[in-house]
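Here is how the chains run, residue by residue.
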Amino acid sequence: MTEGISAEKDLVPAESPEWLEKGRWLFAQVCVFLRGCTDFSNLLPESLSEVAFAGRSNVGKSSLINALVGRHNLARASNTPGRTQEINFFSLNDQIYLVDLPGYGYAEAPRDKVSAWNRLIRDYLRGRTTLKRVYVLIDSRHGIKANDQEIFKLLDDAAMSYQIVLTKIDKISEKALEQCLQQTQELLKKRPAAHPVVIATSSEKNKGIDLLRAEIAALSNWL
Ligand SMILES: Nc1nc2c(ncn2[C@@H]2O[C@H](COP(=O)(O)OP(=O)(O)O)[C@@H](O)[C@H]2O)c(=O)[nH]1
Ligand SMILES: [Mg+2]
């Protein structure tokens, strides 16, 4: 398997026209839903490399996956927080798995359910050898919360590469976005496994989606 991502590779700009084009190409290929898994023991076998999307409930994970692949209903987006309770696997071009994780921090769900999901997420993030990067989504209106920090800590402790994606930037002003980016970057300085670049997105307005495609294409290319 791979050695992890070197600092040098991290610095290759996904913003370059070459990577933007590769990202566009990759995400124009066939993407299929494979399976939703509710239990660590019935996860898909570790075969293809994968990137996972994590975040608080309702942060916009499913919408982001749909925006990436340019489809409205591949991943189920919902107004009901806490609906995605399974680890959902999608195969992109038979090349890489995209993994939609259950949202964390959904206060109104029954306690036993919440702890079962949390355990599933933790086991998955710590134990999955084919997992190459975690995209941690942060709602740009709310910024980083305590349970996001818990996930960062878990990922840092596991030396698992992760990158922050701000979501729903169409809902805030440019000034507020600037502030949110600064605060996020400041917090990440203390986080050893965090990618230094924060990607600001709107699935609704298709902003920053091309950059994220380029990042994932670049990552998948090095695996
Ligand atoms: N305005 C706006 N709303 C969004 C965006 N992304 C997601 N949403 C809304 O946020 C809610 C939760 O989205 P969903 O993708 O289901 O979140 P998940 O629970 O993290 O999978 C839905 O009502 C979406 O329509 C975005 O970029 N802009
Ligand atoms: Mg969802």
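Summarised in this report is the structure supplied together with it. No experiment lies behind these values; they were computed from the predicted model shown.

**Overview of helix H2 (residues 17–27)**
Part 1 of the argument: Of the positions making up H2, those classed as buried are Trp19, Gly23, Leu26 and Phe27. Taken down its axis, H2 places every buried residue within 85 degrees of arc, on the same side.

**Remarks on the sheet that holds strand E2 (residues 49–55)**
Part 1 of the argument: Ordered by their spatial adjacency, seven strands build an open sheet running E1-E3-E4-E2-E5-E6-E7, and the pairing between neighbours is mixed. In this open sheet, the two edge strands, each paired with only one partner strand, are strand E1 (31–37) and strand E7 (199–200).
Part 2 of the argument: With six bridges joining them, E2 and strand E5 (residues 131–139) adopt parallel strand pairing. Among the inter-strand pairings, Ala52 is bridged to a residue of E5, identified as Val134.

**Overview of helix H5 (residues 146–157)**
Part 1 of the argument: Given a rise of 1.5 Å per residue, twelve residues ought to cover 16 Å, and the 16 Å separating the end C-alpha atoms of H5 matches this to within 8%.
Part 2 of the argument: Of all the residues in H5, the buried ones are Asn147, Asp148, Ile151, Phe152, Leu154, Leu155 and Asp156.
Part 3 of the argument: Packed against the buried residues of H5 are helix H4 (111–127), E5, strand E6 (162–167) and helix H6 (174–188).
Part 4 of the argument: Residue Ala159 follows H5 closely and has a positive phi angle near 50 degrees.

**What about the pattern of salt bridges?**
Close approach of charged atoms allows side chains of opposite charge to pair.
Part 1 of the argument: Throughout the structure, instances matching the rule amount to ten salt bridges.
Part 2 of the argument: Of the charged contacts in the structure, one is a salt bridge between Asp139 and Lys168, with a shortest N-O distance of 3.9 Å. With Asp139 in strand E5 and Lys168 in the loop between E6 and H6, this pair connects stretches of sequence that are 29 residues apart.
Part 3 of the argument: Linking Lys153 and Asp157 is a salt bridge whose minimum nitrogen-to-oxygen distance equals 2.7 Å. One end of the pair, Lys153, and the other, Asp157, are both in helix H5, four residues apart, so they sit about a helical turn from each other.
Part 4 of the argument: The exposure class of Lys153 is partly exposed, given its relative accessible area of 47%.
Part 5 of the argument: Several salt bridges converge on common partners, so that one network encompasses Asp139, Arg141 and Lys168.

**Focus: the nonpolar core**
Part 1 of the argument: Counting residues in hydrophobic clusters, the biggest one holds 38 residues, and the most contacted among them are Tyr124, Leu125, Val136 and Leu166.
Part 2 of the argument: Contributing elements (two or more residues each) for this core: E2, strand E3 (87–92), strand E4 (96–100), H4, E5, H5, E6 and H6.
Part 3 of the argument: Setting aside anything within four residues of it in sequence, one finds Leu125 in contact with Leu101, Leu131, Val134, Ile151, Leu154, Leu155 and Met160.

**Details of the packing of aromatic side chains**
Two numbers describe a pair of aromatic rings. These are the distance of the centres and the angle of the planes.
Part 1 of the argument: The tally for this structure, following the rule as stated, stands at four aromatic pairs.
Part 2 of the argument: Seen from their ring centres, Phe53 and Tyr135 are 5.8 Å apart, and the 25 degrees between their planes marks the pair as stacked. With Phe53 in strand E2 and Tyr135 in strand E5, this pair connects stretches of sequence that are 82 residues apart.
Part 3 of the argument: Using a relative accessible area of 0% as the deciding quantity, one classes Tyr135 as buried.
Part 4 of the argument: With a centroid separation of 5.4 Å and an interplanar angle of 15 degrees, the aromatic rings of Phe152 and Tyr162 are classed as stacked.

What counts and what doesn't
- Residues numbered from 1 in each chain as written.
- Chains lettered and ligands numbered in written order.
- Predicted model: local features only at pLDDT ≥ 70, side-chain atom pairs only at ≥ 80, totals over all residues.
- Heavy atoms only, no water.
- Buried < 20%, exposed > 50% of the residue type's maximum accessible area, 1.4 Å probe, protein only.
- Helix = DSSP H or I, 4+ residues; strand = E, 2+ residues; numbered from the N terminus.
- Arc of directions from axis to C-beta.
- Pairing = 2+ DSSP bridges.
- Expected span 1.5 Å × (residues − 1).
- Contact = heavy atoms within 4.5 Å.
- Salt bridge = Lys/Arg side-chain N within 4 Å of Asp/Glu carboxyl O.
- Core = buried A, V, L, I, M, F, W, Y, C linked by side-chain atoms within 4.5 Å.
- Phe/Tyr/Trp six-rings, centres within 6.5 Å; stacked < 30°, edge-to-face > 60°.

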